[in-house]
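Inside the fold
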Amino acid sequence: MNISTYTVKPKLPTALKPLEEIARNLWLSWNFDAVQLFIRLDYDAWLQSSQSPVRTLGMVSQERLAEMAKDDSYLAALNEVYRRFLKYKNGETWYRGSKRDVVAYFSMEYGMDVSFPIYSGGLGMLSGDHMKTSSDMGLPLVGIGLLYRQGYFRQYLNADGFQQETYPENDWYNMPVERKTNKKGEPVKITVDLAGRQATAQIWEVKVGRSSLYLLDTNIDENPPDIRNVTATLYGGDKETRIQQEILLGIGGIRALRALGINPAATHMNEGHSAFLGLERIREIIVEKKFNFEEAREALWPTNIFTTHTPVPAGNERFDLPLMEKYFHTWPQILGISWKDFLSLGRERPYDDNEPYCMTILALKLAAYANGVSRLHGVVSREMWKGLWPELPLNEVPIGHVTNGVHPRTWVSNNMSDLLDRYFGPHFEDEPTDLAIWNRMDRISDEELWRTHERRRERLVAFARDRIRQNLKRNGAVERRIQQAEDALSPYALTLAFARRFATYKRGNLLLRDPERLLKLLKDTERPIQLIFAGKAHPMDMPGKDLIRSIVHFAEQHDVESRIIFLENYDMAMAHYLTAGADLWLNTPRRPLEASGTSGMKAAVNGVLNCSILDGWWDEAYKAEVGWAIGRGEEYEDTNLQDEVESKALYDLLEREIIPLFYQRGRDGLPREWIKRMKTCMREIGQSMSSHRMLMDYSNKFYFPALKNYRRIVKDDYAESKSLAAYLNKLRRAWDNIKILRLDSNARPVMQRGDSLTVTAAIELGALVPEELTVELYYGAVSNQSRNIEQARRADMKPVGRDGSSYLFQVRVECADTGWQGHTVRILPKHQALVHPYRTGLIKWA
């Protein structure tokens, strides 16, 4: 069948033209007054469109559009929103430098808005907030991802409470994306090689305030059906689908930016999925500059940033060798290296033929900057990947941390946002990087804050009842059972929420461990509590699905279906209701398996208090004034014992502290002490866990240095990179001939604080000279247990002369600390182009 295709757009009256521009920019996703324009236009169309502004415009009748074009009240609201939109786009920002060279931010998923479902969970939410915050701050950053035809699955439960999945198709022509075209009006396309077959992808743009997100799509006629399906589903298919998607994301993403005339001067890999971009960037330099592999690698290394999100080795993407050979067998020749050297880029043990290819390791080896996503996760990541730097002390493994944050304007409810705007002033919106504005929380009266929060709880209960009715009707429940949904939950009871991905380590059923104790709390008529659960298990995760079913069965078996609710199809819309309307946010992972988590942050900025295991972000944010900690950060080998101990600790907190505090009311009916904690929580978390703090950290630690490195490298036509590669090659050839012959010092068995310690090292340098190395005194307190120096200090040792063929290096330091102290000497690389000197195999200890 020969079908001619074309796009039909709504015909808007001139007065309503700004609606088209607003609908196609995700700025509206964090500006509720913009959303209200579409709700007012046609509420039924808004609901039927799944809250999609673009689709809503296409569903509204021409008669209704003509009517609203003459409505002076509506036009006044529209013009005010459009004025603010233009002011936002054209206003001054935190970053005011050049935007010629950009940071390209790569992520497998983006959670921008409920109308744009190309996300699954926390990683996508973070990526979406990252893009929105970058827009707020005016950063020179663009996003790269994939445009999934079906996105992530929609969840529903059958009558037995077992999770089922559906995969509805996304209609991109009625969503806020625009296909990129060239000057001739033709789609901009790129190609990547997929095991000897050319896959073609077109590029779509999503406007995110001032910023742009570019998404690749293989669902085009040029491709055979299996290639068209590469961008069908997020996290769907088998390992072969995954490697195809990751080739398209990493390699195709760089090519897409080039095709659009955008220079990715620095790249940020948000998780290892996009790590193949490093290979493509090396290939570009080899082709353009005629460099060898090492020279090209040193040119891109200082401009690559990698963020790991996975706290367990098994969670990192790995590909078996047959799959790597199928898709990358031509790459060693392209890069000018051997097949074994190519595989070594993705291995912890470079030449172990039994080790699969790991995307995280590839990213770590090709990036000068690496970080975990919370302080604790930084510690966990350094422990996990210390094998890449085998002779380096754990605390010096070059993986830092930038704790995740959330975008306040997206996640603070519209009611709460109105309240904050009144008391914080216009500065709250106009200067989002001024985090001290949250110190104005005390200006808000207890009565207003509590009244606002109670409205949000009432709306959560109404939302939950409506969802329950819909689900019961779908499952064929009798009318009497459907009517009982009206009694589900109470708008006045202490409401606990547990909403997140249903993986077993998150322990969604921990609170159900002692049924008798829990039922006593649920059935207390004087101080009632209620539980709302939500979250998806991966389609292949049967234990996760069983967790969900166990919660549904518990409620049915104990006749507490009105007090324990599982809400189906957890998405951004539901998350807004839960994080704003609950009173207490539960989080019960097995420490340290939660890299960060952000749902609790979203709850906290709405005044919802957290009760959590000390893991992820809560490990560094917890204070008694902002919530509750389950345990004290213990870690267990016996998981059954852990569940027993921590479930009892949770019950104790509920019975002795949380429930009494919530129901402790004065004559005015206000829980003053609870409200006091709400205010402290919002003030503290609003500052420390803001995505603007997060992006300022990324900018100052990574983005600005990486862009500076790029400009310095290209300024002299990559001569510095070539020099560094030559230096490292020379160093590796000479390394075995470097010998620390002896150490001399004036140390006595007992030294006094304030005494000077002089250390001299005689070192054989072979073909090197002192200026080519860093020689350090490594000193500090010695551990009684490990006999290692802990919390060491370092001092550069200077060459002071020769002793035959060896060089003498010396330093003098003060004995500043008491106790058992020790020192040694080490040698590291030294070159002006090194971001850090910790290169695998190039550290030598006395």
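The structure contained in this document is the topic of the report that follows.

Describing the overall build of the chain
Each helix and strand in the chain was counted, giving 30 helices and 30 strands. Against the compact-globule benchmark of 28 Å for 846 residues, the chain has a radius of gyration of 29 Å, which places it among compact chains. For the chain, the spread of C-alpha atoms along the three principal axes comes to 95 × 70 × 50 Å. Sorting the 846 residues of the chain into buried and exposed places 58% on the buried side. Put simply, the chain has 112 plus and 111 minus side-chain charges, and the middle of one group is 3 Å from the middle of the other.

Considering unusual backbone geometry
Residue Pro592 is bonded to the preceding Arg591 through a cis peptide linkage, with omega at 5 degrees. As for its placement among the helices and strands, Pro592 is situated in the loop between β20 (584–587) and α25 (599–604). For Glu271, which is not glycine, the phi torsion reads 80 degrees and is therefore positive. Note on placement: Glu271 falls in the loop between β11 (264–270) and α10 (277–289). Residue Glu271 is classed as buried on the basis of its relative accessible area of 8%.

Remarks on helix α30 (residues 719–734)
Along its 16 residues, α30 runs 22 Å from first to last C-alpha, staying within 8% of the 22 Å computed at 1.5 Å per residue. Looking at α30, one finds that the buried residues are Glu720, Ser721, Leu724, Ala725, Tyr727, Leu728, Leu731 and Ala734. Buried residues along α30 sit against α11 (293–300), α29 (691–715), β25 (773–782) and β29 (821–829).

Section: the sheet that holds strand β21 (residues 609–613)
In a beta sheet, neighbouring strands are held together by backbone hydrogen bonds and run either parallel or antiparallel to one another. Strand order in the open sheet made by the six strands is β19-β18-β17-β20-β21-β22, with parallel pairing throughout. On the outer flanks of this sheet lie β19 (564–567) and β22 (627–630), each paired with one strand and no other. Neighbour-to-neighbour, the strand axes of this sheet turn through a mean angle of 20 degrees, independent of strand direction. Sheet topology places β20 next to β21; four bridges connect them, and they run parallel. The residue of β21 that forms the bridge with Leu584 is Leu609. Contacts from helix α27 (residues 639–662) reach β17 (494–499), β18 (529–534), β20, β21 and β22, with the element oriented near 165 degrees to β22.

Examining the packing of α10 against α11
At a minimum axis distance of 9 Å, the contact between α10 and α11 shows a crossing angle of 120 degrees. The angle between α10 and α11 falls in the class oblique. Judged by the sense of rotation from one axis to the other, the crossing of α10 with α11 is right-handed. Side by side, α10 and α11 meet where Gly278, Arg281, Ile282, Ile285 and Ile286 of the first sit next to Phe293, Ala296, Arg297, Ala299 and Leu300 of the second. In terms of residue class, the contact of α10 with α11 is made up of seven nonpolar, one polar and two charged.

Notes on the side chain of Ser107
Within the secondary structure layout, Ser107 lies in the loop between β1 (102–106) and β2 (110–111). Within the structure, Ser107 has its side chain in polar contact with the side chain of Asn270 (distance 3.4 Å).

Considering the environment of Trp331
One can find Trp331 in helix α13 (residues 331–335). The sequence separation of Trp331 and Leu157 amounts to 174 residues, and the corresponding C-alpha distance is 46 Å.

What about the pairing of strand β24 (residues 756–764)?
One face of the sheet, then the other: side chains in a regular strand alternate in exactly this way. For β24, a buried count of eight out of nine residues is recorded, marking the element as mostly surrounded by other parts of the structure. In the sheet, strand β23 (residues 739–745) pairs with β24 via six bridges, with the strands oriented antiparallel. If you follow Leu743 over to β24, its bridge partner there is Ala761. Pairing geometry for β24 and strand β28 (residues 806–814), over eight bridges, is antiparallel. The partner of Ala761 across the bridge, within β28, is Phe809.

Describing the packing of aromatic side chains
In this structure the tally under the stated criterion is 35 aromatic pairs. Their ring planes at 90 degrees and their centres at 5.6 Å tell us that Phe428 and Trp438 sit as a pair that is edge-to-face. Taken together, the residues Phe428 in helix α19 (residues 427–430) and Trp438 in the loop between α19 and α20 (446–474) connect sequence positions 10 residues apart. Each residue in the set Phe276, Phe328, Trp331, Trp339, Phe342 and Tyr357 is aromatic and connected to the rest through ring pairs, giving one cluster. The side chain of Arg839 reaches across the aromatic face of Trp301, ending 4.2 Å from its centre.

Digging into the pattern of salt bridges
For the structure on display, the rule yields 70 salt bridges. One salt bridge connects Arg64 with Glu67, and the closest N-O pair in it is separated by 3.1 Å. Of this pair, Arg64 and Glu67 both sit in helix α5 (residues 62–68), three residues apart, which is roughly one turn of that helix. Given the relative accessible area of 24%, Arg64 is considered partly exposed. In this structure, Lys87 engages Asp430 in a salt bridge whose closest nitrogen and oxygen atoms are separated by 3.8 Å.

Digging into the nonpolar core
Membership of the largest hydrophobic core comes to 178 residues, with the highest contact counts inside it found for Leu19, Phe116, Phe276, Leu279, Phe328 and Phe342. Sorting elements by how many residues they give to this core places α29 first, with 10 residues. Leave out the neighbours within four places in its chain, and Phe276 touches Ile243, Glu246, Ile247, Gly250, Ile251, Phe319, Met324, Phe328, Tyr357, Met359 and Leu362. In this structure, Leu460, Ala555, Met572 and Ala575 belong to the second largest nonpolar core, which totals 101 residues.

A word on the sheet that holds β25
Read across the sheet, four strands follow the order β26-β25-β29-β30 without closing on themselves; strand pairing throughout is antiparallel. Both edges of this open sheet fall to β26 (789–796) and β30 (844–845), since each of them pairs with a single strand only. Summarising the sheet, β25 and β26 pair through six bridges and their orientation is antiparallel. Its bridge partner being in β26, Leu777 is matched across the sheet by Ala795.

Concerning the state of the cysteines
A complete count under the given rule lists zero disulfides for this structure. Lacking any disulfide linkage, Cys681 is separated from the closest cysteine sulfur, that of Cys611, by 13 Å.

Section: the environment of Glu764
On the secondary structure map, Glu764 appears in strand β24. Note: C-alpha distance between Glu764 and Asp803 (39 residues apart in sequence) is 9.6 Å. In this structure Glu764 touches Asn737, Ile738, Lys739, Leu741, Ser805 and Ser806, once residues within four positions along its chain are discounted. Among the polar contacts listed, one links the side chain of Glu764 to the side chain of Ser805, at a separation of 2.8 Å.

A look at helix α24 (residues 572–581)
The element α24 is largely enclosed, with a buried count of eight among its 10 residues. Looking at α24, one finds that the buried residues are Met572, Ala573, Met574, Ala575, Leu578, Thr579, Ala580 and Gly581. The N-cap of α24, judged by a side-chain oxygen 3.2 Å from the amide nitrogen of Ala573 a few residues on, is Asp571.

Concerning the packing of helix α2 (residues 32–41) against helix α6 (residues 72–90)
Contact pair α2 / α6: the axes reach a minimum separation of 9 Å and the direction vectors enclose 150 degrees. Between α2 and α6, the interaxial angle falls into the category roughly antiparallel. Crossing angle aside, the handedness with which α2 passes α6 is left-handed. Residue-level contacts link Asp33, Ala34, Leu37, Arg40 and Leu41 of α2 to Ser73, Tyr74, Ala77, Leu78, Val81 and Arg84 of α6. Among the residues forming the contact of α2 with α6, the class breakdown is seven nonpolar, one polar and three charged.

What counts and what doesn't
- Residues numbered from 1 in each chain as written.
- Predicted model: local features only at pLDDT ≥ 70, side-chain atom pairs only at ≥ 80, totals over all residues.
- Heavy atoms only, no water.
- Helix = DSSP H or I, 4+ residues; strand = E, 2+ residues; numbered from the N terminus.
- Rg over C-alpha atoms; globule rule 2.2 N^0.38 Å.
- Buried < 20%, exposed > 50% of the residue type's maximum accessible area, 1.4 Å probe, protein only.
- Lys, Arg positive; Asp, Glu negative; His and termini not counted.
- Charge placed at Lys NZ, Arg CZ, Asp CG, Glu CD.
- Expected span 1.5 Å × (residues − 1).
- Contact = heavy atoms within 4.5 Å.
- Pairing = 2+ DSSP bridges.
- Axes fitted to C-alpha atoms, helices over the stretch in contact; angles between N-to-C directions.
- Parallel < 35°, antiparallel > 145°, perpendicular 65-115°, else oblique.
- Left-handed = near helix turned anticlockwise from the far one by under 90°.
- Nonpolar A, V, L, I, M, F, W, Y, C, P; charged D, E, K, R; others polar.
- Polar contact = N/O pair within 3.5 Å; in protein donor to acceptor, adjacent residues only side chain to side chain.
- Phe/Tyr/Trp six-rings, centres within 6.5 Å; stacked < 30°, edge-to-face > 60°.
- Lys NZ or Arg CZ within 6 Å of the ring centre and 35° of its normal.
- Salt bridge = Lys/Arg side-chain N within 4 Å of Asp/Glu carboxyl O.
- Core = buried A, V, L, I, M, F, W, Y, C linked by side-chain atoms within 4.5 Å.
- Disulfide = S-S within 2.5 Å.

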